Amino acid sequence: MKILVTGGAGFIGGNFVHYMLDKYPDYQIVNLDLLTYAGNLETLKQAEANPNYTFIKGDISDRGFIMKLFQKEAFDIIVNFAAESHVDRSIMNPGIFVTTNVLGTQVLLEAAKETGVKRYHQVSTDEVYGDLPLDRPDLFFTEETPLHTSSPYSASKASADLFVLAYHRTFGLPVSISRCSNNYGPYHFPEKMIPLMISRALADESLPVYGKGENIRDWLHVEDHCSAIDLIIHGGNAGEVYNVGGHNERTNLEVVKTILRELKKPESLIQYVTDRPGHDRRYAIDPSKLERELGWKPKYHFDTGIRMTIQWYLEHESWWKNILSGDYKNYFSQNYRERLEQG
Ligand code: NAD
Ligand code: DAU
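On a predicted model such as this, the values are computed, not experimentally measured, just so you know.

Enquirer: Could you give an account of the site of ligand 1, with specific residues and numbers?
Expert: Neighbouring ligand 1 are 29 residues; Ile12, Asp33, Ser85, Tyr153 and Lys157 lie closest to it. Within the contact set of ligand 1, a nitrogen atom lies 3.0 Å away from a backbone nitrogen or oxygen of Ile60. Within the contact set of ligand 1, an oxygen atom lies 2.9 Å away from a backbone nitrogen or oxygen of Asn183. With the chains in place, 97% of the 840 Å² that ligand 1 exposes on its own is no longer accessible. The greatest single-element share of the shell around ligand 1, amounting to 3 residues, is contributed by strand 5 (residues 119–125). Within the shell around ligand 1, the residues separate by chemical class into 13 nonpolar, 12 polar and 4 charged.

Enquirer: Account for empty space enclosed by the protein, with residues named and values stated.
Expert: Counting across every chain of the model gives 2 cavities of 30 Å³ or more. Volume-wise, the largest cavity comes out at about 50 Å³. Around the largest cavity, the lining residues are Val87, Ile91, Glu127, Ser150, Ser151, Arg217, Arg276, Pro277, Gly278, His279, Asp280 and Tyr283. Taken as a whole, the second largest cavity holds about 30 Å³ of empty space. Around the second largest cavity sit Asn80, Ala82, Ala83, Asn101, Thr105, Gln122 and Lys157, which together line it. Classifying every residue of the lining of the second largest cavity gives 2 nonpolar, 4 polar and 1 charged.

Enquirer: Give a detailed account of the pattern of salt bridges, specifying residues and quantitative values.
Expert: Per the counting criterion, the structure on display carries 22 salt bridges. A salt bridge links Lys289 to Glu240; the shortest N-O distance between them is 2.5 Å. Of this pair, Lys289 sits in helix 9 (residues 288–294) while Glu240 is found in strand 11 (residues 240–244), placing the two residues 49 residues apart along the sequence. You can call Lys289 buried: its relative accessible area is 11%. Bridged by salt links that share partners, the residues Lys2, Lys72 and Glu73 form one connected network.

Enquirer: Just give me the short version of the packing of aromatic side chains, but keep the residues and values in it.
Expert: Counted by the stated rule, this structure contains 16 aromatic pairs. For the pair Phe16 and Phe81, a centre-to-centre distance of 5.2 Å together with 50 degrees between the ring planes defines the contact as tilted. Residue Phe16 is located in helix 1 (residues 11–23), and its partner Phe81 is located in the loop between strand 4 (77–80) and helix 3 (87–92); the two are separated by 65 residues in the primary sequence. With a centroid separation of 4.9 Å and 55 degrees between ring planes, the pair formed by Tyr167 and Phe171 is classed as tilted. In this pair, Tyr167 and Phe171 are both assigned in helix 5 (residues 152–171), 4 residues apart and thus about one turn of the helix distant. Three or more aromatic residues link up through ring pairs in this structure, and these residues are Tyr187, Trp312, Tyr313 and Trp319. We note Arg282 situated over the ring of Phe140; from NZ or CZ to the ring centre the distance is 5.5 Å. A cation sits over an aromatic face here: Lys289 above Tyr242, 4.8 Å from the ring centre.

Enquirer: Explain the nonpolar core residue by residue, including any values.
Expert: Grouped together as the largest cluster of nonpolar side chains are 34 residues, with contacts concentrated most on Ile194, Met197, Val256 and Ile259. Secondary-structure elements contributing two or more residues to this core are helix 6 (193–202), strand 8 (207–210), helix 8 (252–262), strand 13 (270–273), helix 10 (302–315), helix 11 (317–324) and helix 12 (328–342). Among the elements that line this core, the one with the most residues is helix 6, at 6 residues. Ile259 has contacts with Ile194, Met197, Ile198 and Ile310, leaving out every residue within four places of it along the chain. Membership of the second largest hydrophobic core comes to 33 residues, among which are Ile56, Phe75, Val117 and Val164.

Enquirer: Can you lay out the site of ligand 2 for me, pointing to particular residues and giving the numbers?
Expert: Residues in close proximity to ligand 2 total 26 residues, the closest being Asp126, Tyr153, Arg276, His279 and Tyr336. In the environment of ligand 2, an oxygen atom lies 2.8 Å from a nitrogen or oxygen atom belonging to the side chain of Glu127. One of the backbone nitrogen or oxygen atoms of Met193 is found 2.7 Å away from an oxygen atom of ligand 2. Computed on the free molecule, ligand 2 has an accessible area of 680 Å², of which 95% lies beneath the protein chains in the complex. Of all elements in the fold, only helix 3, helix 6 and strand 8 reach the threshold of two or more residues within the shell around ligand 2. Classifying every residue of the shell around ligand 2 by side-chain character gives 11 nonpolar, 8 polar and 7 charged.

What counts and how
Positions within a chain are numbered from 1, following the residues in the order the chain's sequence is written. Lettering of chains starts at A and numbering of ligands starts at 1, both following the order in which they are written. pLDDT decides what is reported in this predicted model: residues at 70 or higher carry local features, side-chain atom pairs at 80 or more are listed and counted, and totals for whole chains, interfaces and linings draw on all residues regardless. Computation of side-chain values covers all heavy atoms of the structure but excludes hydrogens and water. Near is defined per residue: the residue qualifies when any heavy atom it owns lies within 4 Å of the molecule or strand. As used in this structure description, the phrase polar contact means that two N or O atoms lie within 3.5 Å; if the pair is within protein, one of them must be able to donate a hydrogen and the other to accept it, and residues adjacent in sequence are counted only when both atoms belong to side chains. Accessible areas in this description were obtained via Shrake-Rupley with a 1.4 Å probe; residue shielding takes into account the shown protein chains only. Each helix corresponds to a stretch of at least 4 residues labelled H or I by DSSP, and each strand to a stretch of at least 2 residues labelled E; elements are numbered beginning at the N terminus. In the scheme used here, Gly and all other residues not listed as nonpolar or charged are polar, with Ala, Val, Leu, Ile, Met, Phe, Trp, Tyr, Cys and Pro taken as nonpolar and Asp, Glu, Lys and Arg as charged. A cavity here means a set of 1 Å grid points, computed over protein atoms only, where a 1.4 Å probe fits but cannot escape. A pocket is an open set with protein on both sides within 12 Å along at least 5 of 7 lines, and lining residues have an atom within 4 Å of a point. Grid points are joined across faces, edges and corners, and a volume is the space filled by probe spheres set on the points. Salt bridge, as applied in this entry: a Lys or Arg side-chain nitrogen positioned within 4 Å of an Asp or Glu carboxyl oxygen. Only protein chains enter the calculation, and the probe is 1.4 Å; a residue is then buried if its accessible area is under 20% of its type maximum, exposed if over 50%, and partly exposed in between. Here is the rule: rings of Phe, Tyr and Trp (six-membered ring for Trp) pair when centre to centre is within 6.5 Å. Planes less than 30 degrees apart are stacked, more than 60 are edge-to-face, and the remainder are tilted. Either the NZ atom of lysine or the CZ atom of arginine qualifies as a charge over a ring when it sits within 6 Å of the ring centre and within 35 degrees of the ring normal. We define the nonpolar core as a collection of buried residues of types Ala, Val, Leu, Ile, Met, Phe, Trp, Tyr and Cys that are connected through side-chain atoms lying within 4.5 Å of one another. We call two residues in contact whenever any of their non-hydrogen atoms come within 4.5 Å of each other.

Here is the structure:
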C-alpha cells in the first residue's frame with residue numbers, strides 16, 4: 001500500500017506519518033509538503049531513518065507538478081492534510097487560503113481521478129458547520145448540520161469539502177471526509193491557543209485571551225484523530241462524511257487556567273485582549289456515526305491528554321524554541337501588538 005500524505009510536516013500530518021509508520025510496517029508513506037512557515041522537518045527526524053518513508057517538497061496547488069507526481073508514483077490512498085490552518089492568519093491574509101485550501105484540493109482531486117486512486121481522504125474541520133450558541137449545551141454538530149461558515153479559513157475548508165463531494169457524485173471518485181474538532185498534542189505549532197499559552201506561561205509572559213475567554217472548543221488528542229482517519233481510509237464508505245470528536249468541551253479560560261495550574265504559574269499572567277473578529281462561540285461534535293459504523297473510540301480524556309502534552313512541551317523545548325526565534329516573531333507582533341496594547 002502506498003499512501004500520499006500531504007502536509008505531513010505540519011502538526012496533525014506529522015503525527016499521522018509517525019502513527020502510520022508504527023502501525024503498518026509494510027506501507028510506503030510519501031510525505032508531500034511545501035514547508036510553509038507551519039511545516040517543520042524537525043517533526044519527522046525519527047521517520048527519516050525508515051526506508052518506507054519518503055519526503056517530497058512541493059505545492060499541492062501546482063497542477064503540472066502534482067499530475068506528474070501522481071503518474072510516477074501510482075498512489076493507492078491520498079490523505080490531504082495540507083492547508084493554511086490558522087483562523088487569525090485567514091483574517092489578516094485570506095487569499096492564500098483560497099489558493100491552498102480550495103485550488104490545492106481541486107488539483108489533488110483531479111490527479112486522483114486521472115490516476116485512479118483507491119481512496120481520496122480529505123481532512124476537514126468542524127468549523128465548516130459554523131458555531132453553536134453558548135446557552136444550548138444540548139446542541140451538537142452532526143454530519144447533517146448545514147455548512148455555515150464564519151472565517152475565511154472555514155469558508156475555504158467548506159468550499160474544498162464541496163469539491164470533494166462533487167468529484168464523488170460527478171466522477172465516481174472514491175472519497176471520504178473527516179470533520180474533526182480542535183486537536184492538541186505533540187508538535188502543535190505555537191501560534192495555536194494551547195501551545196501558545198504553554199510556551200508563554202513557561203517564559204512568564206502574558207497570556208492573551210480573546211474577549212472574555214467564554215468561547216468553547218471541543219478538544220481531541222491528535223492521536224485519536226489519527227486513529228479515526230486510519231479507520232475511515234480502511235473501512236469507511238466512499239462518499240461519506242465522518243465527524244470526529246471526543247466530548248471534551250472546555251471554555252478557553254478553563255483551558256488556560258488548567259495550563260497555569262499544571263505549570264504552577266499565577267493566573268495574573270492572563271491578559272484579556274480584543275476579541276477575534278467573527279469569533280465562533282462553541283464547537284461540539286456528535287461522533288456517534290464514526291463510533292457506530294467503524295467502532296472508533298478515543299483513547300485520551302482531556303484531563304490526562306493535556307498533562308501529557310504539557311510534559312511533551314517541557315521535554316521538547318528546542319523544537320518550539322526554534323520556531324519562536326524565527327519568522328514567527330513577525331506574525332506575533334502583527335497579530336498581537338494592538339490587541340495587547342488595548343487589552
Ligand atoms: P498545520 O498548519 O500545522 O500544517 C499544515 C501543513 O501543510 C504544513 O506542514 C504546511 O507546510 C503544509 N502546506 C501548506 N500549504 C501547502 C501547499 N500549498 N502544498 C503542500 N503543503 C502545504 O495544520 P494542522 O493543524 O496540522 O492541520 C492539518 C489539517 O487538519 C488541515 O487541513 C486543517 O484544516 C485540518 N484540521 C485541523 C485541526 C486542528 O485542530 N489543528 C482540526 C481539524 C482539522
Ligand atoms: O475546530 C477545528 C479547528 O481548530 C481547526 O480547523 C483549525 O485549523 C485550528 O486552528 C483550530 O481553530 P481555532 O480557531 O479553534 O483554534 P485556535 O487555537 O486558534 O483558538 C482556540 C480558541 O482560543 C479560540 O476560541 C480562539 C482562542 N484564542 C486563540 C489564540 C491563538 C485566544 O483566546 N487567544 C489566542 O491567542
